[in-house]
Amino acid sequence: SVITVFDQHRSGVTEFTSSKDDLIVRNREGSILAFNEREMAMYDPLSRTFVHVTAIEHMNKLFGYEPKVSFLEDKSGTYWFGRHGLLNYDPHTNEVKTYFSNEGNANTFSNAPLSAIHEDANGVLWMATHGAGLVRFEKTTEQYRYYTVEDGLPHNIVCSLLEDEGGNLWLS
């Protein structure tokens, strides 16, 4: 697969060979980052290349066979990735924490794929899932709470979410 950069001011195109499952994001500092199942790379506009930054352990478990991975940079500047589980990566310390399903243990993360991650005004993570409803994750205690049809959701497939000024979560 190829990552393409289209320069609309010069009508120029730059292409980079990449793996089949890249996720491209812009962090709060304005840097463009590319992630795949093995590593994180940062775009260098001077050389017009992606430069390897670090290998991220366990990323391959998240990407699995489906390339759609959700991404969030939280208020503290750490990165959260979700698809087949949840991975937290701190770019300042290179520390990685993973939260994956563990059959037989009800206190582990659901195996339902994540479709979106949101951090609310209080720093709580909310995750939309395909089959397990809405997940509330308290980062400090690492505790989960699932909201499903039993709690009033119309169904357990949540594709996206956002928070309004009143702190209400809008789900689709």
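Below, the structure is looked at part by part.

So, the overall build of the protein chain
Within the protein chain, the regular secondary structure consists of 1 helix and 16 strands. Counting the 172 residues in the protein chain, one finds 42% classified as buried. Look at the contacts in the protein chain between residues 6 or more apart in sequence, and 35% of them connect residues 24 or more apart. A total accessible area of about 9900 Å² is found for the protein chain, and carbon and sulfur atoms account for 50% of it.

Description of unusual backbone geometry
Excluding glycine, residues mostly carry a negative phi; peptide bonds, for their part, are mostly trans. Positive phi is not limited to glycine here, since Asn94 has a value of about 65°. Here the phi dihedral of Glu142 falls at roughly 55°; this positive angle occurs in a residue that is not glycine. Mapped onto the fold, Glu142 is located in the loop between β13 (134–138) and β14 (143–147). Judged by its relative accessible area of 31%, Glu142 is partly exposed.

Considering the pairing of strand β4 (residues 32–35)
Bridge count between strand β3 (residues 23–26) and β4: 4 bridges; the pairing is antiparallel. What sits directly across from Leu23, in β4, is Phe35. The turn joining β3 and β4, which pair antiparallel and follow one another in sequence, is formed by 5 residues; a positive phi near 95° is taken by Gly30. Pairing between β4 and strand β5 (residues 39–44): 3 bridges, direction antiparallel.

Structural notes on the sheet that holds strand β7 (residues 70–73)
Within the open sheet, the 4 strands sit side by side as β7-β8-β9-β10. Their pairing is antiparallel. One side of each edge strand has no neighbouring strand; the edge strands of this open sheet are β7 and β10 (95–99). Taking each pair of neighbouring strands and ignoring which way they run, the sheet shows an average axis angle of 15°.

Concerning the side chain of Thr148
Mapping Thr148 onto the fold places it in the loop between β14 and β15 (161–163). Not counting residues up to four positions away in its chain, the partners in contact with Thr148 are Ala132, Leu153 and Asn156.

Brief notes about the packing of aromatic side chains
Counted according to the given criterion, the structure contains 9 aromatic pairs. Each residue in the set Phe71, Tyr79, Phe81 and Tyr89 is aromatic and connected to the rest through ring pairs, giving one cluster. Here Arg145 stacks its cationic end above the ring of Tyr147, 4.1 Å away from the centre of that ring.

Here we look at the sheet that holds β14
An order of β11-β12-β13-β14 is seen for the 4 strands of this open sheet, with the pairing classed as antiparallel. Unpaired on one side and paired on the other, β11 (114–119) and β14 mark the two borders of the sheet. Here the average twist between neighbouring strands, direction ignored, is 20°.

Some points on the side chain of Asn27
Note that Asn27 resides in the loop between β3 and β4. Assessed through its relative accessible area of 7%, Asn27 is described here as buried. In this structure the side chain of Asn27 is engaged in a polar contact, spanning 3.2 Å, whose partner is the side chain of Tyr79. Beyond its immediate stretch of four places on either side in the chain, Asn27 contacts Leu33, Glu73 and Tyr79.

Rules used throughout
- Residues numbered from 1 in each chain as written.
- Predicted model: local features only at pLDDT ≥ 70, side-chain atom pairs only at ≥ 80, totals over all residues.
- Heavy atoms only, no water.
- Helix = DSSP H or I, 4+ residues; strand = E, 2+ residues; numbered from the N terminus.
- Buried < 20%, exposed > 50% of the residue type's maximum accessible area, 1.4 Å probe, protein only.
- Contact = heavy atoms within 4.5 Å.
- Areas by Shrake-Rupley, 256 points an atom, 1.4 Å probe, with all protein chains shown as cover.
- Pairing = 2+ DSSP bridges.
- Axes fitted to C-alpha atoms, helices over the stretch in contact; angles between N-to-C directions.
- Phe/Tyr/Trp six-rings, centres within 6.5 Å; stacked < 30°, edge-to-face > 60°.
- Lys NZ or Arg CZ within 6 Å of the ring centre and 35° of its normal.
- Polar contact = N/O pair within 3.5 Å; in protein donor to acceptor, adjacent residues only side chain to side chain.

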